[in-house]
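Working through the structure, step by step
Each chain is listed here by its residues.
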Amino acid sequence: MAGVAEKLKEQGNASYRRGRYKAAIEFYTEAITLYPDRIIYWTNRALCYKKLKDWKRVEADSRKALELDNQCVKAMELSKVEKLIDYFVYSRDALAKAQYEEWEHASTLRIQRQQELREICERAIKLDHDEAVKNLESASGKSNDSVIVIDDETHHEDIHKFSVRRAQAQEHQQRIRRSKRAEYLSTMYLERCHTLSEVFDKAAQCDIPSEIPDHLTCRITLGILSDPVITPSGITYEKSSLLEHLQKVGEFDPVTRAPLLAEQIIPNFAIKAAVRAYLKENAWAYEHE
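Source: prediction; values computed, not measured.

Each value, and the rule that gives it
Sequence order as written defines the numbering, with residues in each chain counted from 1. In view of the model being predicted, local features appear only for residues whose pLDDT reaches at least 70, and side-chain atom pairs are presented and counted only at 80 or more, with totals across whole chains, interfaces and linings using the full set of residues. As a rule here, side-chain values cover all heavy atoms of the structure and leave hydrogens and water aside. Note on conventions: DSSP H or I runs of at least 4 residues are helices, E runs of at least 2 residues are strands, and numbering of each starts at the N terminus. Residue burial is assigned from relative accessible area. The probe radius is 1.4 Å, only protein chains are included, and a residue is buried under 20% of its type maximum, exposed over 50%, and partly exposed in between. Contacts are residue-level and defined by heavy atoms, with any inter-residue pair within 4.5 Å sufficient. Each accessible area value is a Shrake-Rupley result obtained with a 1.4 Å probe; residue values ignore everything except the protein chains displayed when judging cover. Any Lys or Arg side-chain nitrogen located within 4 Å of an Asp or Glu carboxyl oxygen qualifies as a salt bridge. Each aromatic pair joins two rings of Phe, Tyr and Trp (for Trp, the six-membered one) with centres within 6.5 Å, and gets the label stacked for planes under 30 degrees apart, edge-to-face for over 60, and tilted for any other angle. In this scheme, strands are said to pair when DSSP sees at least two bridges between them. The angle between two axes is taken between their N-to-C directions and runs from 0 to 180 degrees, where each axis is a line fitted to C-alpha atoms and a helix contributes only its stretch in contact. We call two directions roughly parallel when the angle between them is under 35 degrees, roughly antiparallel when it is over 145, roughly perpendicular when it lies between 65 and 115, and oblique otherwise. In a left-handed crossing the near helix is turned counterclockwise from the far helix by less than a right angle, and in a right-handed crossing that turn is clockwise. Basically, the charged four are Asp, Glu, Lys and Arg, the nonpolar ten are Ala, Val, Leu, Ile, Met, Phe, Trp, Tyr, Cys and Pro, and anything else, Gly included, counts as polar. Only buried residues count toward a nonpolar core, which is a set of Ala, Val, Leu, Ile, Met, Phe, Trp, Tyr and Cys residues joined through side-chain atoms within 4.5 Å.

Tallying secondary structure elements over the protein gives nine helices and three strands in all. Order of helices (α) and strands (β) in the protein, N terminus to C terminus: α-α-α-α-α-α-α-β-β-α-β-α. Expressed as a percentage of its 289 residues, the buried residues of the protein come to 32%. In the protein, the proportion of contacts linking residues at least 24 apart, taken out of those at least 6 apart, comes to 55%. Working note: accessible area of the protein is about 19000 Å², and carbon and sulfur atoms make up 54% of it.

It is worth spelling out the pattern of salt bridges at this point. Per the counting criterion, the structure on display carries twelve salt bridges. Residues participating in the shared-partner salt-bridge network are Glu6, Lys9, Glu10 and Arg38.

Attention now moves to unusual backbone geometry. Most peptide bonds take the trans configuration, and most residues that are not glycine carry a negative phi. Despite not being glycine, Leu222 shows a phi value in the positive range, around 70°. With respect to the helices, strands and loops of the structure, Leu222 is situated in the loop between α7 (157-204) and β1 (228-230). At Arg257, a residue that is not glycine, the phi angle is positive and equals roughly 70°. Structurally, Arg257 can be placed in the loop between α8 (239-248) and β3 (266-267).

Applying the stated criterion across every chain, the model contains two aromatic pairs. Note on Tyr16 and Tyr21: the rings are 5.3 Å apart at their centroids and 65° apart in plane angle, and the pair reads as edge-to-face. When its relative accessible area of 25% is taken as the criterion, Tyr16 is described as partly exposed. The exposure class assigned to Tyr21 is buried, which follows from its relative accessible area of 7%. Taken together, a centroid distance of 6.4 Å and an interplanar angle of 75° make the contact between Tyr35 and Tyr41 edge-to-face.

What follows concerns the sheet that holds β1. What the three strands build is an open sheet, ordered β2-β1-β3; its pairing is antiparallel. With one partner strand each, in any of the chains shown, β2 (236-238) and β3 form the two edges of the open sheet. Bridging between β1 and β3 involves two bridges; their strand directions are antiparallel. Paired with Val229 across the bridge in β3 is Pro267. Where α8 meets the sheet, it contacts β1 and β2, and its direction lies at approximately 90° from that of β2.

Another aspect to go through is the environment of Lys9. Tracing the chain through its elements places Lys9 in helix α1 (residues 2-17). For Lys9, a relative accessible area of 9% gives the class buried. Each C-alpha atom, one on Lys9 and one on Thr29, is 9.1 Å from the other, the two residues being 20 residues apart in sequence. Setting aside chain neighbours within four positions, we find Lys9 in contact with Tyr28, Ala31, Ile40, Tyr41 and Asn44.

As a further point, take the packing of α1 against helix α2 (residues 21-34). Orientation of α1 relative to α2, taken along the N-to-C sense of each, is 165°, at an axis distance of 8 Å. Here α1 is positioned roughly antiparallel relative to α2, judged by the angle of their axes. For the pair α1 and α2, the crossing hand works out as left-handed. Touching Val4, Ala5, Leu8, Lys9, Gln11, Gly12, Asn13, Ser15 and Tyr16 of α1 are Tyr21, Ala23, Ala24, Phe27, Tyr28, Glu30, Ala31 and Leu34, all from α2. For the contact of α1 with α2, a count of residues per class yields eleven nonpolar, four polar and two charged.

Ranked by size, the top nonpolar core spans 23 residues in total, and within it Ile212, Ile224, Leu242, Val275, Tyr278 and Ala285 carry the most contacts. Mapped by element, the contributors of at least two residues to this core are α6 (81-143), α8 and α9 (269-281). Setting aside its immediate chain neighbours within four residues, Tyr278 contacts Ser210, Glu211, Ile212, Pro213, Leu216, Ile224, Trp284 and Ala285. Grouped together as the second largest cluster of nonpolar side chains are eleven residues, Ile25, Ala46, Tyr49 and Val58 included.

Okay, here's the thing in structure tokens:
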């Protein structure tokens, strides 16, 4: 029986070297069924589970190996894997949470200060407009006194009519000028208010959550990428999500359905750099990590 178990182990080793981890697991499992006290069967299967990122089974097989030999170095090292992964995930999540909370606090203060400054600017623009209108009305009052007055002793009818018409024409032109000036002041006031709104609205954009660009999100989780990997099909996924898919669903690309092994995926450093740059400008997106 031990000989059969050893042959199964060798077949498992051959499958492992070819990257066929699931097949290797089957061989090691059969060997364990025949000879459960052989430590190397447990540790070899744990290595396969490690390749598949199945951390719970890694720990289970490692513990079983340590029960058989509490001095087994390989089993000791493998038993630490899950704890290290949990610590890494916890640290990453804690960092993302802290960065989001830092942005949220800074954003609240920034929005409050922007609103205060906006109100000050609006009051200044309104004050300047009101002052200009007041000066226009004051000038209009003075101009009304400049109407030509005909001497009562002048009795020449033609001169009198000409003077009246001239005064009326001057007053009409003044009304037109005042109307145009008032229209200009109103237009300038509205334009300044509009420009002010554009400036503050643009300043506030970095504090308004929006849609994360598709190329920065995982096609499986739809969340922002943290550890992006790319498949031969050219599609980028979150590494942990893709490996879980390959293990639990099947060895194929989730989108293209093309055959895919864990060894075929490679890190997408370009997207990782793009994500970092995006988070630097849009810290609110840490909430979606």
